[in-house]
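A closer look at the structure
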Amino acid sequence: MESHPVREQAIPRTRPRWRRALPLCLVVGVVAAVQLGERAQNRIRVVQPTARVIDVTLGTGETLGSVLSGFGLDASAARAVGESLRPFVKPQEIRSGKRLRVIVDAKEGIMQGLEYPLREAVLSVTSTPEGWSAERREIPSARVTRVVRGVVSRSLYRDGTAAGLTAAQILELADIFQYEVDFFSDFRRGDTFSVAFEEIRYVDGRREPAKIQAAEVTAGGVPVHAFRHTTEEGEDGYFDNDGRSLRRAFLRAPLNYRRISSHYSVRRMHPILRTVRPHLAIDYAAAAGTPVVCVGRGTVKFTGWHEGYGNLVEVAHGNGYSTRYGHLSRIPPGLRRGDRVAQGDVIGYVGQTGHATGPHLHFEMIQGQRKINFLALRIPSQQQLAGEELGRFTELRDRHLFLLSDAEFRVAQNPS
Ligand SMILES: [Zn+2]
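Values in this document were obtained by computation on a predicted structure and should not be read as measured data. (Residues numbered from 1 in each chain as written. Predicted model: local features only at pLDDT ≥ 70, side-chain atom pairs only at ≥ 80, totals over all residues. Heavy atoms only, no water.)

1. A closer look at the coordination of the zinc ion
Operational definition: Water is absent from the atoms considered, so a metal site may look incomplete; donors are defined as N, O and S atoms within 2.8 Å of the metal, or 3.2 Å for Na, K and Ca. Here a site with four donors is tetrahedral if all angles are between 85 and 135 degrees, and a site with four or six donors is square planar or octahedral if opposite donors are over 155 degrees apart and the other angles are between 65 and 115; anything else gets the irregular label. Exposure classes here rest on a 1.4 Å probe applied to the protein chains alone. A residue is buried below 20% of its type maximum, exposed above 50%, and partly exposed in between.
Every protein donor of the zinc ion is accounted for by His 279 (NE2), Asp 283 (OD), Asp 283 (OD) and His 362 (ND1), and the metal-donor separations fall at 2.0 to 2.7 Å. The coordination sphere of the zinc ion comprises four donor atoms, whose angles at the metal cover 54 to 159°; the geometry is irregular. All donors to the zinc ion come from one chain, and their sequence spacing reads H-x3-D-x78-H. For Asp 283, a relative accessible area of 5% puts it in the buried group.

Here it is in structure tokens:
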């Protein structure tokens, strides 16, 4: 068995504390208290401990069984412990990096009980006359709405994390506002941000941020808002002040590209044919094999080889829009004409099939019969709330606007 970090603490008989779900992070404090007690041993009579608690972190290749064998359990007893946990946690989830707490008797170090922490509960295994038995105990928690505000002086990332946002929340913001704000270039010194989110606070001191509820950022002095709302169809999304979805009918681009190697143009020297021809598409240069996603939901109209396009996929999106993705190295074998695709579904991989001088995606946006300039298209919003639902949204929006623009904070920020 690999060595694993083990911390021990003595528990006096008078207070069988292990019977309660002890938060793991309190251990350090308890250990310190026990050590103080040991130093004072010469003067004070110490209650002999009858049980000890040992915290174990599973190492690479270790299993619950291999750990328990180190605490005097034979294979069938270890299996019984595993079985008792099975209704609450999948056996394969108890693996390297997971922590558990073993309660052993002070004399011989034989296991008497076990605690396995989950996110919101602790599984407690004890020995009963019927055998090993596990029970789940909730870790008390509360949901608290937090608002983090700040002023951009260096970058939203640095000022945001300094103000108390996590890196994941800043990425979430960039995603929410992807059509409104370019998070790499639009911010100026003095721009502000205000983000409301729920935080789950556990009694053991852990804090976990939940989804962003509302946000206001000013980028280049222009404020933009997002409010989280669950639609009547049960879909979660972010909406602006007027109840328009911040999701658009089309993504900004169908792939993560290196650069645009050719813009939409009515006159272009064709690199292979050496003649002036229109290029009514966007060419995105990217490494061969880069996944290409459908920019909007729709129905597949064509997949396969088509002349200079090489491997081509065409998708119809409704309202007269369709998109074409050319020069693909490959198309997922299951993708067929007539299939429904969602925004963001992978429909192929970058290649240089057909007339192409290097790996890139040839992307066309068609409106009616015309190939239009996708980069100049004002992409319509995916959804506009209306009627009663808009009323419900407006109430929620106003509550969140109040939170985001707390007057006290304004005073604190601008003491003049
Ligand atoms: Zn092209």
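Read on, since the account is not over.
2. Some words on the nonpolar core
In a soluble, globular protein the nonpolar side chains are often hidden away together inside. Applicable threshold: We call a set of buried Ala, Val, Leu, Ile, Met, Phe, Trp, Tyr and Cys residues a nonpolar core when their side-chain atoms join them within 4.5 Å. Comment: elements are numbered from the N terminus, with helices defined as DSSP H or I runs of at least four residues and strands as E runs of at least two. Whether two residues touch is decided by their heavy atoms; if any such pair falls within 4.5 Å, the residues are in contact.
Counting residues in each nonpolar core, the largest one holds 30 residues, and the members touching the most others are Tyr 325 and Phe 374. For this core, the elements supplying multiple residues, two or more each, are strand S15 (282-285), strand S16 (291-293), strand S18 (311-318), strand S19 (321-328) and strand S22 (360-367). In this structure, Phe 374 is in contact with Phe 250, Leu 251, Arg 252, Ile 282, Tyr 284, Phe 363, Met 365 and Ile 379, ignoring residues within four places of it in sequence. Grouped together as the second largest cluster of nonpolar side chains are 23 residues, Leu 68, Leu 73, Val 81 and Leu 123 included.

3. With respect to the side chain of Glu 208
The criterion, for reference: Within 3.5 Å is the distance limit for a polar contact, defined as a pair of N or O atoms, with the added protein rule that one can donate a hydrogen and the other accept it, and that residues adjacent in sequence qualify only through two side-chain atoms.
As for its placement among the helices and strands, Glu 208 is situated in strand S9 (residues 207-219). A polar contact is formed between the side chain of Glu 208 and the side chain of Arg 119, at a distance of 3.2 Å. If near-sequence neighbours (up to four positions away) are discounted, Glu 208 is found in contact with Arg 119, Glu 198, Glu 199, Ile 200 and Tyr 202.

4. What to know about the packing of aromatic side chains
Just so we agree on the cut-off: In this analysis, rings of Phe, Tyr and Trp, with Trp reduced to its six-membered ring, are considered paired at centre separations within 6.5 Å, and the interplanar angle assigns stacked below 30 degrees, edge-to-face beyond 60, and tilted for intermediate values.
What the rule picks out here adds up to seven aromatic pairs. Taken together, a centroid distance of 6.1 Å and an interplanar angle of 75° make the contact between Phe 227 and Phe 393 edge-to-face. Pair noted here: Phe 227 is in strand S10 (residues 222-230) and Phe 393 is in helix H6 (residues 387-404), with a separation of 166 residues, a long-range link. Since its relative accessible area comes to 0%, Phe 227 is described here as buried.

5. A few points about helix H5 (residues 167-176)
So the rule is basically this: This arc describes the spread of directions from the helix axis toward the C-beta atoms.
Turning to H5, its buried residues are Gln 169, Ile 170, Glu 172, Leu 173 and Ile 176. Within H5, the buried residues cover an arc of 155° as seen down the axis, which keeps them to one side. The exposed residues of H5 that point more than 90 degrees off its buried face are Ala 168 and Leu 171. Looking at the packing, one finds that the buried side of H5 touches helix H4 (156-163), strand S8 (192-202), S9, S10 and strand S11 (236-239).

6. Regarding the pattern of salt bridges
Our working definition: Take a side-chain nitrogen of Lys or Arg and a carboxyl oxygen of Asp or Glu: if they are within 4 Å of each other, that pair is a salt bridge.
Per the stated rule, a full pass over the model turns up 24 salt bridges. The shortest N-O distance in the salt bridge between Arg 207 and Glu 199 comes to 3.7 Å. Counted as one network, the salt bridges with shared partners bring together Lys 301, Glu 314, Arg 324, Glu 364 and Lys 371.

7. Examining the pairing of S10
Inclusion rule: What makes two strands pair is DSSP finding at least two bridges between them.
As paired strands, S9 and S10 are joined by six bridges and run antiparallel to one another. If you follow Ala 214 over to S10, its bridge partner there is Phe 227. Between the end of S9 and the start of S10, which pair antiparallel, lie two residues, with Gly 220 showing a positive phi angle near 60°. Pairing analysis gives four bridges linking S10 to S11, with the strands arranged antiparallel. Residue pairing across strands places His 229 opposite Gly 237, the latter belonging to S11.

8. Digging into the confidence of the model for the protein chain
As a reminder, the rule being used: Values of pLDDT, the confidence the predictor places in each residue, fall between 0 and 100.
When pLDDT is averaged along the protein chain, the result is 84, and 85% of the positions lie at 70 or above. Counted against residues more than four places away or in other chains, residues 1-6, with its pLDDT under 50, gives 14 contacts. Segment residues 409-416 is flagged for pLDDT under 50; beyond a separation of four residues in sequence, or across chains, it makes five contacts in the model.

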